[in-house]
Amino acid sequence: QVRLVESGGGLVQAGGSLSLSCAASGSISSIMGWYRQAPGKQRELVARITSTGSTTYADSVKGRFTISRDNAKNTVYLQMNSLQPEDTAVYYCNVRPYVISIGYWGQGTQVTVSS
């Protein structure tokens, strides 16, 4: 099975930056992405990236966040700049292998942005 380990969450003031990383066990060709969930809200897609580097972003983070991956390390990253209080949420890494129909989730990491 695939196991994901996230790191990099924390507390920052508005306008600051954070970097998240997620390392996946094993070598699996997959789409990797980041989702977030705020209290009382549904989980939403933040960004995703294919095995060949094609990216998709939520409109709310476009121009501020950058997703990237290192296939040799089987790791996906999320660079978050110009953070705002509305970005406060638990951020989850997700990996969806091309050869199966299910996805795998990381444990979640808290990102809190103060005004």
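Sequence positions are assigned chain by chain, starting from 1 and proceeding in written order. Local features are withheld for residues below a pLDDT of 70 in this predicted model, meaning they are given only at 70 or higher, and side-chain atom pairs are given and counted only at 80 or more; totals for whole chains, interfaces and linings count all residues. Hydrogens and waters are ignored; side-chain quantities use all the structure's heavy atoms.

## Considering a nonpolar patch on the surface
- On the surface, Tyr98, Val99, Ile100 and Ile102 cluster together into a nonpolar patch covering about 410 Å² of accessible area.
- Strands here are runs of E lasting at least two residues and helices are runs of H or I lasting at least four, both read from the DSSP assignment and numbered beginning at the N terminus. Tracing the chain through its elements places Ile102 in the loop between strand 9 (89-97) and strand 10 (104-105).
- Residue burial is assigned from relative accessible area. The probe radius is 1.4 Å, only protein chains are included, and a residue is buried under 20% of its type maximum, exposed over 50%, and partly exposed in between. Taking the relative accessible area as the measure of exposure, Ile102 reaches 46% and is therefore partly exposed. The patch calculation keeps residues exceeding 30% relative accessible area without a salt bridge and links them within 9 Å when they carry like charges or within 5 Å when they are nonpolar (Val, Leu, Ile, Met, Phe, Trp, Tyr). Only the protein chains shown count as cover for residues, with accessible areas throughout obtained via the Shrake-Rupley method and a probe of 1.4 Å. Any Lys or Arg side-chain nitrogen located within 4 Å of an Asp or Glu carboxyl oxygen qualifies as a salt bridge.

## Quick look at the sheet that holds strand 7 (residues 65-70)
- One open sheet accounts for four strands, arranged 1-3-8-7; its pairing is antiparallel. Both outer strands of the open sheet, strand 1 (4-7) and strand 7, are each paired with one neighbouring strand and no more. Here the strands of the sheet are splayed against their neighbours by 15 degrees on average, with no regard to which way each runs. Note: two strands are recorded as paired if DSSP finds a minimum of 2 bridges between them. Fitted lines through C-alpha atoms serve as axes, helices being fitted only where they are in contact, and the angles separating the N-to-C directions of these axes extend from 0 to 180 degrees.

## Structural notes on the nonpolar core
- We call a set of buried residues a nonpolar core when its members are Ala, Val, Leu, Ile, Met, Phe, Trp, Tyr or Cys and they connect through side-chain atoms within 4.5 Å of each other. Counting residues in each nonpolar core, the largest one holds 27 residues, and the members touching the most others are Trp34, Leu78, Met80 and Tyr91.
- The contact criterion used is simple: two residues touch if any of their non-hydrogen atoms lie within 4.5 Å. If we ignore the near neighbours within four places in the chain, the residues touching Met80 are Gly16, Ser17, Leu18, Leu20, Arg64, Phe65, Tyr91 and Val111.

## Here's the deal with the packing of aromatic side chains
- Side-chain rings of Phe, Tyr and Trp, where Trp is taken by its six-membered ring, are said to pair if the distance between their centres is within 6.5 Å; with planes under 30 degrees apart they count as stacked, over 60 as edge-to-face, and otherwise as tilted. Counted by the stated rule, this structure contains two aromatic pairs.
- Taking 5.1 Å as the distance between ring centres and 70 degrees as the angle between the ring planes, the aromatic pair formed by Tyr35 and Trp105 counts as edge-to-face. Residue Tyr35 is located in strand 4 (residues 30-37), and its partner Trp105 is located in strand 10; the two are separated by 70 residues in the primary sequence.
- Accessibility expressed as a relative area gives 18% for Tyr35, which makes it buried.
- Judged by relative accessible area, which is 40%, Trp105 ranks as partly exposed.
- A connected cluster of aromatic rings, assembled from ring pairs, spans Tyr35, Tyr92 and Trp105.
- Charge over a ring is defined by NZ of Lys or CZ of Arg lying within 6 Å of the ring centre and within 35 degrees of the ring normal. The aromatic ring of Tyr92 is capped on one face by Arg43, whose charged end is 3.8 Å from the ring centroid.
- One residue, Arg43, lies across the ring of Trp105, its end atom 4.5 Å from the ring centre.

## Some points on the pairing of strand 5 (residues 44-49)
- Examined bridge by bridge, strand 4 and strand 5 share five bridges and lie antiparallel to one another. Along strand 5, the bridge assignment pairs Trp34 with Ala47.
- Here strand 4 folds back onto strand 5, and the loop between the two strands holds six residues, one of which, Gly40, carries a positive phi near 75 degrees.
- Where strand 5 meets strand 6 (residues 55-57), three bridges bridge the pair, whose relative direction is antiparallel. Bridging across to strand 6, Ala47 finds its partner in Tyr57.
- Turn length for the strand 5-strand 6 hairpin, with the two strands adjacent in sequence and antiparallel, is five residues, and the turn residue Gly53 shows positive phi of about 100 degrees.

## Section: the side chain of Ser21
- Here Ser21 is to be found in strand 3 (residues 18-24).
- The term polar contact refers here to a pair of N or O atoms within 3.5 Å; inside protein, the definition further demands a hydrogen-donor-capable atom paired with an acceptor-capable atom, and it admits residues adjacent in sequence only when both atoms are side-chain atoms. In this structure the side chain of Ser21 is engaged in a polar contact, spanning 2.8 Å, whose partner is the side chain of Ser7.
- Apart from the residues lying within four places of it in its own chain, the contact partners of Ser21 are Val5, Glu6, Ser7, Trp34, Thr75, Val76 and Tyr77.

## Notes on the state of the cysteines
- Note on terminology: pairs of cysteine sulfur atoms within 2.5 Å are recorded as disulfides. Across all of its chains, the model carries one disulfide by this definition.
- Each sulfur of the disulfide joining Cys22 and Cys93 lies 2.2 Å from the other. Taking the torsion about the sulfur-sulfur bond, which here is approximately -85 degrees, the covalent link between Cys22 and Cys93 counts as left-handed. One end of the pair, Cys22, is in strand 3; the other, Cys93, is in strand 9, and 71 residues separate them in sequence.

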